[in-house]
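# Inside the fold
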Amino acid sequence: MADHGGAGQNGARAVCLGESMAVLLPDRPGPFEAVGTFSPSVGGAESNVAAALAGLGVPTAWISRVGADGFGRRLTGDLAAAGVDVSAVAVDPHRPTGVYLKETGGSGLPHDLGPGRSRLHYYRTGSAASALSPALLDDPAAAALLDAAPLLHLTGITPALSDDCLALVRALLARRRPGRLVSFDLNWRPALWRLRDPAVLPELLDAADVLLLGADEAQDAFGTGDPGELRRRFPSPATLVVKDSGHLVTALDRDGGAVTEPALRVEVVEPTGAGDAFAAGYLAGTLRGLDQRSRLRLGHLSAAGALTAHTDHGTLPDARTVAALLAADGRDWAATRVSAAGFDSPVLPAPVLPAPVHAP
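Definitions and limits used
Residues numbered from 1 in each chain as written. Predicted model: local features only at pLDDT ≥ 70, side-chain atom pairs only at ≥ 80, totals over all residues. Heavy atoms only, no water. Helix = DSSP H or I, 4+ residues; strand = E, 2+ residues; numbered from the N terminus. Contact = heavy atoms within 4.5 Å. Buried < 20%, exposed > 50% of the residue type's maximum accessible area, 1.4 Å probe, protein only. Lys, Arg positive; Asp, Glu negative; His and termini not counted. Salt bridge = Lys/Arg side-chain N within 4 Å of Asp/Glu carboxyl O. Polar contact = N/O pair within 3.5 Å; in protein donor to acceptor, adjacent residues only side chain to side chain. Pairing = 2+ DSSP bridges. Axes fitted to C-alpha atoms, helices over the stretch in contact; angles between N-to-C directions. Phe/Tyr/Trp six-rings, centres within 6.5 Å; stacked < 30°, edge-to-face > 60°. Core = buried A, V, L, I, M, F, W, Y, C linked by side-chain atoms within 4.5 Å.

With an unreviewed UniProt entry as reference, the protein chain is termed Putative 2-oxo-3-deoxy-gluconate kinase, source organism Kitasatospora setae.

Within the element layout of this structure, Val-169 appears in helix α4 (residues 163–174). Distance in space between the C-alpha atoms of Val-169 and Leu-204 is 7.9 Å, their sequence separation being 35 residues. Ignoring sequence-local partners within four residues, the contact set of Val-169 consists of Leu-154, Thr-158, Pro-159, Phe-184 and Leu-204.

Here we take up the side chain of Arg-180. By the secondary structure assignment, Arg-180 is in the loop between α4 and β11 (181–185). An unpaired buried charge is present at Arg-180: no salt bridge exists, and Asp-147, the closest side chain of opposite charge, is 5.6 Å distant. Side-chain polar atoms of Arg-180 contact the backbone oxygen of Leu-146, separated by 2.7 Å. Aside from chain neighbours lying at most four places away, what touches Arg-180 is Leu-146, Ala-149, Pro-150, Leu-151, Leu-152, Leu-172, Arg-175 and Asp-209.

Within the fold, Gly-114 resides in the loop between β8 (99–104) and β9 (118–123). It is 8.0 Å that separates the C-alpha atoms of Gly-114 and Thr-104, two residues lying ten residues apart in sequence. If near-sequence neighbours (up to four positions away) are discounted, Gly-114 is found in contact with Gly-105 and Gly-106.

Another point: the sheet that holds β8. If you walk across this open sheet you meet the four strands as β4-β3-β8-β9, and the pairing is mixed. Whereas interior strands pair on both sides, the edge strands pair on one side only; in this sheet they are β4 (38–43) and β9. Ignoring which end each strand starts from, the neighbouring axes of this sheet average 30° apart. Of the strand pairs in this sheet, strand β3 (residues 21–26) and β4 are connected by six bridges, and their pairing is antiparallel. Pairing of Leu-24 across the sheet is with Pro-40, part of β4. Helix α2 (residues 70–81) contacts β3, β4 and β8 of the sheet and is inclined by roughly 60° relative to β4.

Another point: the packing of aromatic side chains. Throughout the structure, instances matching the rule amount to five aromatic pairs. Each ring, one from Phe-32 and one from Phe-38, has its centre 5.6 Å from the other, and the planes form 75°; the classification is edge-to-face. Residue class for Phe-32 comes out partly exposed when judged on its relative accessible area of 26%. A centroid spacing of 5.4 Å and a plane angle of 70° characterise the contact between Phe-222 and Phe-234, whose relative ring orientation is edge-to-face. In this pair, Phe-222 sits in helix α7 (residues 215–222) while Phe-234 sits in the loop between α8 (227–233) and β13 (239–243), placing the two residues twelve residues apart along the sequence. Its relative accessible area of 12% is what places Phe-222 among the buried residues.

Where charged atoms from two side chains of opposite charge come close, those side chains can pair. Per the stated rule, a full pass over the model turns up twelve salt bridges. With a closest N to O distance of 3.4 Å, Arg-74 and Asp-78 form a salt bridge. Pair noted here: Arg-74 and Asp-78 are both in helix α2, with a separation of four residues, about one helical turn. Among the salt bridges present, the one from Arg-170 reaches Glu-203, with a minimum N-O distance of 3.0 Å. With Arg-170 in helix α4 and Glu-203 in helix α6 (residues 201–206), this pair connects stretches of sequence that are 33 residues apart. Looking at Arg-170, the relative accessible area reads 35%, which means it is partly exposed. On the basis of relative accessible area, Glu-203 is assigned to the partly exposed category, the value being 46%. A cluster of three or more residues bridged by salt bridges with shared partners is formed by Arg-65, Asp-92 and Arg-95.

Among the nonpolar cores identified, the biggest contains 49 residues, and Leu-53, Trp-62, Val-241, Phe-278, Tyr-282 and Leu-301 are the most heavily contacted of them. Listed by contribution, the elements that provide at least two residues to this core are β2 (14–17), α1 (45–55), α2, β12 (210–214), β14 (248–253), α9 (274–287), α10 (292–307) and α11 (319–327). Ranked by residues supplied to this core, first place goes to α9 with nine residues. Excluding its chain neighbours within four sequence positions, the residues that come into contact with Val-241 are Leu-211, Leu-212, Leu-213, Val-249, Thr-250, Ala-251, Phe-278, Tyr-282 and Leu-296. Counting residues in each nonpolar core, the second largest holds 47 residues, with Ala-12, Ala-142, Leu-145 and Ala-149 among its members.

Here we come to the sheet that holds β12. Ordered by their spatial adjacency, eight strands build an open sheet running β5-β2-β10-β11-β12-β13-β14-β15, and the pairing between neighbours is mixed. Every other strand in the sheet has two partners, leaving β5 (60–63) and β15 (258–262) as the edge strands with one partner each. Each strand axis lies, on average, 15° off the axis of its neighbour in the sheet, ignoring direction. Where strand β10 (residues 151–155) lies against β11, five bridges are found, and the strand directions are parallel. Note on β11: the bridge partner recorded for Leu-152 is Val-182. In this fold helix α3 (residues 140–148) packs onto β2, β5 and β10, with an angle of close to 135° to the strand it touches most, β5.

Encoded structure:
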């Protein structure tokens, strides 16, 4: 029987479920043969969202499985330090924690990816998280969190890991209760679906309350990235949020209403984790009862922090700055600039340096 990886925090308002992995970050851009050393970190879509939600002040739990190894201990330790409840993370004595390595471009060497580009190399086959299954629902620690939290966040990565993981996602989507929202981010990973049937995805996505899709991902997975066509293809979610390659995000409701909000202009350091940060900002705004435009803006602000960081986890401005930017008119919002040095906007008295998000 698996043990649990950490002490709980009562009152989680959001639960994120899915695999997280150890991450090895290169000390310089370029292909792996040119890298000198790698630094350890942690990453994974669902735990990224959990850490960002916690950084936004939303009490959040992460449910998963890790190996009985140093990488698993680092994962649970770092996420707990970020304020995430890891009380329902199981430690698998037989399977390892998954690992991925990040490759970044910009060295100019042969085989380089190119400036501003990155690629993730996964080593996760047979990982502890791939053994997640509907048996999780009988675990007292997990059941307590799932029964109490008003938000459950899932992604399309989990059902691609194994048949048992797919069965768990189906069980969670069927296990509905009044007052709880289920959000689902497509997070299309072609490599994971290469040996599995992605035809299972549409039924899962359509069972969510809030569905988040990247237009480019949806184009690859379903043959269209058009928000209107996607809304017709997935009629059941109360809200469909589509992030397109032109840095516009559109939220569409069931009744045909749509709100579109442009992203801020950001000097991008590294793009990994920005989509997860956007999801966390949008979901935090949803839990706070913000209007649709403010939810989208909070998503953009959270994503901007991730885009200006070298790791999956970024930084945010303070609460006063966030409030000013959420209330800005369209012209001042469009004039706002974000860099690693901070936020510069007509609605702010001076460039505002971001405050660290307490994330791994």
